[in-house]
Amino acid sequence: GAGVSQTPSNKVTEKGKYVELRCDPISGHTALYWYRQSLGQGPEFLIYFQGTGAADDSGLPNDRFFAVRPEGSVSTLKIQRTERGDSAVYLCASSSTGGRLTYNEQFFGPGTRLTVL
Amino acid sequence: ELKVEQNPLFLSMQEGKNYTIYCNYSTTSDRLYWYRQDPGKSLESLFVLLSNGAVKQEGRLMASLDTKARLSTLHITAAVHDLSATYFCAVEEAGGTSYGKLTFGQGTILTVHP
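Criteria and cut-off values
All residue numbers refer to position in the chain's written sequence, counted from 1. Here every chain gets a letter starting at A, and every ligand a number starting at 1, in the order they are written. In keeping with the model being predicted, local features are shown solely for residues with a pLDDT of at least 70 and side-chain atom pairs are shown and tallied solely at 80 or more, while totals for entire chains, interfaces and linings include all residues. Remark: hydrogens and water are excluded; side-chain values derive from all non-hydrogen atoms of the structure. Stacked, tilted and edge-to-face are the three classes assigned to paired rings of Phe, Tyr and Trp, where Trp is represented by its six-membered ring and a pair needs centres within 6.5 Å; plane angles under 30 degrees give stacked, over 60 edge-to-face, the rest tilted. Labels follow the DSSP assignment, with helices taken as runs of H or I lasting at least four residues and strands as runs of E lasting at least two, numbered in each case from the N terminus. Three exposure classes are used, based on accessible area relative to the maximum for each residue type with a 1.4 Å probe and protein chains only: buried under 20%, partly exposed in between, and exposed over 50%. For two strands to be treated as a pair, DSSP must find at least two bridges joining them. Orientation is described by axes fitted as lines to C-alpha atoms, over the contacting stretch for helices, and by angles from 0 to 180 degrees between their N-to-C directions. Residue contacts follow a heavy-atom distance rule, with two residues in contact if any of their heavy atoms lie within 4.5 Å. What makes a salt bridge here is a side-chain nitrogen of Lys or Arg within 4 Å of a carboxyl oxygen of Asp or Glu, nothing more.

Visitor: With reference to specific residues and values, describe the packing of aromatic side chains.
Guide: Going through the model one piece at a time under the given rule, you end up with 8 aromatic pairs over all chains. Taking 5.9 Å as the distance between ring centres and 75 degrees as the angle between the ring planes, the aromatic pair formed by A:Tyr35 and A:Phe45 counts as edge-to-face. Here the residue A:Tyr35 occupies a position in strand 4 (residues 31-37), and A:Phe45 occupies one in strand 5 (residues 44-50), the gap between them amounting to 10 residues. Judged by its relative accessible area of 0%, A:Tyr35 is buried. Its relative accessible area of 8% is what places A:Phe45 among the buried residues. A ring pair is formed by A:Tyr35 and B:Phe104, whose centres lie 5.7 Å apart and whose planes are at 90 degrees; its orientation type is edge-to-face. A residue pair is termed interchain when its members come from two chains, as with A:Tyr35 in strand 4 and B:Phe104 in strand 10 (residues 102-104). For the pair formed by A:Tyr35 and B:Phe104, the shared burial category is buried.

Visitor: How would you explain the sheet that holds strand 7 (residues 65-68) of chain A if you had to name every residue and give the values?
Guide: Paired through their backbone hydrogen bonds, the strands of a sheet run either parallel or antiparallel. Residue and element names in this part refer to chain A. Strand order across the open sheet formed by 4 strands is 1-3-8-7, with antiparallel pairing between neighbours. At either margin of the open sheet sits one strand with a lone partner, and together these are strand 1 (5-7) and strand 7. Taken pair by pair, the neighbouring strands of this sheet meet at an average axis angle of 15 degrees, ignoring direction. As judged from the 5 bridges shared by strand 3 (residues 19-24) and strand 8 (residues 75-79), these two strands associate in the antiparallel manner. Across the sheet, the residue bridging to Leu 21 is Leu 77, located in strand 8.

Visitor: If you had to explain the sheet that holds strand 3 (residues 19-25) of chain B to someone new, which residues and values would you point to?
Guide: All names here are of chain B. Ordered by their spatial adjacency, 5 strands build an open sheet running 1-3-8-7-6, and the pairing between neighbours is antiparallel. Each edge of the open sheet is held by one strand with a lone partner, namely strand 1 (4-7) and strand 6 (55-58). Shown here is a sheet whose adjacent strand axes are inclined to one another by a mean of 15 degrees, direction ignored. Relative to strand 8 (residues 71-76), strand 7 (residues 61-66) runs antiparallel, the two being bridged by 6 bridges. Across the sheet, residue Leu 61 finds its bridge partner in strand 8, namely Ile 76.

Visitor: Tell me about the side chain of B:Lys101, and please be specific about residues and values.
Guide: If you trace the backbone, B:Lys101 turns up in the loop between strand 9 (85-92) and strand 10. Apart from residues lying up to four places away in sequence, B:Lys101 is in contact with A:Tyr35, A:Phe45, A:Asp56, A:Ser58, B:Val91, B:Glu92 and B:Glu93.

Visitor: Which residues make up the pairing of strand 3 of chain B, and what values do they have?
Guide: In summary, the side chains of a regular strand alternate between the two faces of the sheet. Residue and element names in this part refer to chain B. The pairing of strand 1 with strand 3 spans 4 bridges and is classified as antiparallel. When the bridges of strand 3 are listed, Val 4 appears paired with Tyr 25. Bridge analysis of strand 3 against strand 8 gives 6 bridges, and the strand direction is antiparallel. Looking at strand 8, one finds that Asn 24 is bridged to Leu 71.

Visitor: Before we move on, can you summarise the pattern of salt bridges with the specific residues and values?
Guide: All chains considered together, the criterion is met by 6 salt bridges over all chains. The salt bridge involving A:Glu83 is made with A:Arg64; its shortest N-O contact spans 3.5 Å. One end of the pair, A:Glu83, is in the loop between strand 8 and strand 9 (88-95); the other, A:Arg64, is in the loop between strand 6 (53-56) and strand 7, and 19 residues separate them in sequence. B:Arg36 is paired through a salt bridge with B:Asp38; the nearest N and O atoms lie 2.9 Å apart. With a relative accessible area of 14%, B:Arg36 lands in the buried category. With relative accessibility at 25%, the residue B:Asp38 sits in the partly exposed group. Each of A:Arg64, A:Glu83 and A:Asp86 takes part in one network of salt bridges that share partners.

Encoded structure:
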């Protein structure tokens, strides 16, 4: 079946602009995660959705970052007033379980490479 | 704050040799994951380890988990060029409100030479 998809694959923007990154999880997966990966580093957690609600947004770096998942499927990560330090690959993952009582094997999408000039 | 450390960070191996990558973490957890990442690609799930003493094997890779030592290992047997990639371990905190969130190690860049 189809895996996690992300669009766009690449996004170049200018400092100060607003961007939206989209994630389409594996069909039926209730949990959705956003991570950010800088060059040469491991992914860093941003936010986790269980259904429509954000179960943990502790990784969002500041209030310029916001994410939604209005219907419990597709999610959009929104970044306002972009800064050069926001340049990274933004990865989305989904899992079929999610939650306290069971493990959460996460399947990752191809990522969106964001470059802020 | 959970910390996950891998070593070595860089590993250059000859084909046919064996080696082990280590993953240490700083807090109690019995949920550990190994991923592979090829250059410019996303992460591929390799192993899910969910209990003390868990061992999983797939081809030339074997992963194990010691929750008391807070240590996981990824052992490579008779390396081949196709194994060249970056390998990440990731730990899921299973307590409080932090479940679901993965904390990754820095990654180990493995290069296998003829």
